[in-house]
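# Examining the three-dimensional arrangement
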Amino acid sequence: MLYAIIGTDVPDSADARTAARPRHLERVQALVQQGRLVLAGPFPAIDADDPGPHGMAGSLIIAEFPDLASARAWVAADPYVTDGVFAEIIVRPFRQVLP
């Protein structure tokens, strides 16, 4: 089943996000290689493709996991969680209708 993982950054997360990003992307890339990733990306903190010094406000990942517990365990081990980038995480089942 698909699960949506929505992480909301702590205030002033830019330095922590930059430090954790290579390890975070390595884990997301593993989902790609396993054919489990639908989409992933950050939420800019402002309405702009390049938010500059405003940075990012969070991230969204939609990927396939065996069950909700597995999705929660995956995100709990992610560097954006373990290194304190995310203040809040929501993990919900997701049903893709389109496309």
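Notes on the structure follow. Residue numbers here run from 1 along each chain, matching the order of that chain's written sequence. Where totals are concerned, whole chains, interfaces and linings use all residues; where local detail is concerned, this predicted model gives features only for residues with pLDDT of at least 70, and gives and counts side-chain atom pairs only at 80 or more. For side-chain calculations, the full set of non-hydrogen atoms in the structure is used, while hydrogens and water are omitted.

### Points about the pattern of salt bridges
One side-chain nitrogen of Lys or Arg within 4 Å of one carboxyl oxygen of Asp or Glu is enough to make a salt bridge. If you walk through the whole model with that rule in mind, you get three salt bridges. Across the pair Asp-83 and Arg-23 runs a salt bridge, and its minimum N-O distance is 2.3 Å. Highlighted residues: Asp-83 in the loop between α3 (79-82) and β4 (86-94) and Arg-23 in helix α1 (residues 14-33), separated in sequence by 60 residues. Relative accessibility under 20% of the residue-type maximum defines a buried residue, over 50% an exposed one, and the middle range a partly exposed one, all with a 1.4 Å probe and only protein chains included. For Asp-83, a relative accessible area of 35% translates into the label partly exposed. Working definition: helices are DSSP H or I runs of at least four residues, strands are E runs of at least two. Numbering for both runs from the N terminus.

### Re helix α2 (residues 68-76)
Within α2, burial applies to Ala-71, Trp-74 and Val-75. One side of α2 carries all its buried residues, which in axial view fall inside an arc of 90 degrees. Between N or O atoms, a polar contact is any pair within 3.5 Å; within protein, one atom must be a potential hydrogen donor and the other a potential acceptor, and residues adjacent in sequence are included only when both atoms are from side chains. The N-terminus of α2 is capped by Asp-67, whose side-chain oxygen sits 3.3 Å from the backbone nitrogen of Ala-69. In this description, the arc belongs to the directions extending from the helix axis to the C-beta atoms.

### Observations regarding the nonpolar core
Within this scheme, the nonpolar core is defined by two criteria: the residues are buried Ala, Val, Leu, Ile, Met, Phe, Trp, Tyr or Cys, and they are joined through side-chain atoms within 4.5 Å. Counting residues in hydrophobic clusters, the biggest one holds 11 residues: Tyr-3, Ile-5, Val-28, Leu-31, Ile-61, Ala-63, Phe-65, Ala-71, Trp-74, Val-75 and Val-91. When residues of this core are assigned to their parent elements, the largest contribution, three residues, is made by α2. Residue contacts are counted whenever heavy atoms from the two residues lie within 4.5 Å of one another. With residues near it in sequence (within four places) discarded, Val-75 still touches Ile-5, Val-81, Ile-89 and Val-91.

### Description of the packing of aromatic side chains
The description of an aromatic ring pair rests on the distance of the ring centres and on the angle between the ring planes. Aromatic rings from Phe, Tyr and Trp, with only the six-membered ring used for Trp, were paired whenever their centres fell within 6.5 Å, and each pair was classed as stacked if the ring planes differed by under 30 degrees, edge-to-face if by over 60, and tilted otherwise. The final tally for this structure, using the stated rule, is three aromatic pairs. Summarising the aromatic geometry, the rings of Phe-65 and Trp-74 are spaced 5.9 Å apart at their centres and angled 55 degrees between planes, so their arrangement reads as tilted. The exposure class assigned to Phe-65 is buried, which follows from its relative accessible area of 3%. With a centroid separation of 5.5 Å and an interplanar angle of 80 degrees, the aromatic rings of Tyr-80 and Phe-86 are classed as edge-to-face. For Tyr-80, a relative accessible area of 2% puts it in the buried group. Pairwise contacts between aromatic rings join Tyr-3, Phe-65 and Trp-74 into one cluster. The ring of Trp-74 is capped by Arg-27, whose NZ or CZ atom sits 4.3 Å from the centre of that ring. Comment: the charge-over-ring label is applied if NZ (Lys) or CZ (Arg) is within 6 Å of the ring centre and within 35 degrees of the ring normal.

### Some thoughts on the sheet that holds strand β3 (residues 56-64)
Two modes of strand pairing occur in sheets, parallel and antiparallel, and in both the strands are linked by backbone hydrogen bonds. Reading across from one edge, β2-β3-β1-β4 is the order of the four strands in this open sheet, with antiparallel pairing throughout. The open sheet has two edge strands, β2 (37-44) and β4, and neither has a second partner. With direction set aside, neighbouring strand axes in the sheet form an average angle of 10 degrees. We treat two strands as partners when DSSP finds at least two bridges between them. Direction of pairing for strand β1 (residues 2-9) relative to β4: antiparallel, over a ladder of eight bridges. Bridging across to β4, Leu-2 finds its partner in Phe-94. Only the stretch in contact is used when a helix axis is fitted, and all axes are lines through C-alpha atoms; the angle between N-to-C directions ranges over 0 to 180 degrees. Together, β1, β2, β3 and β4 form the strand contacts of α1, whose direction differs from that of β3 by roughly 15 degrees.

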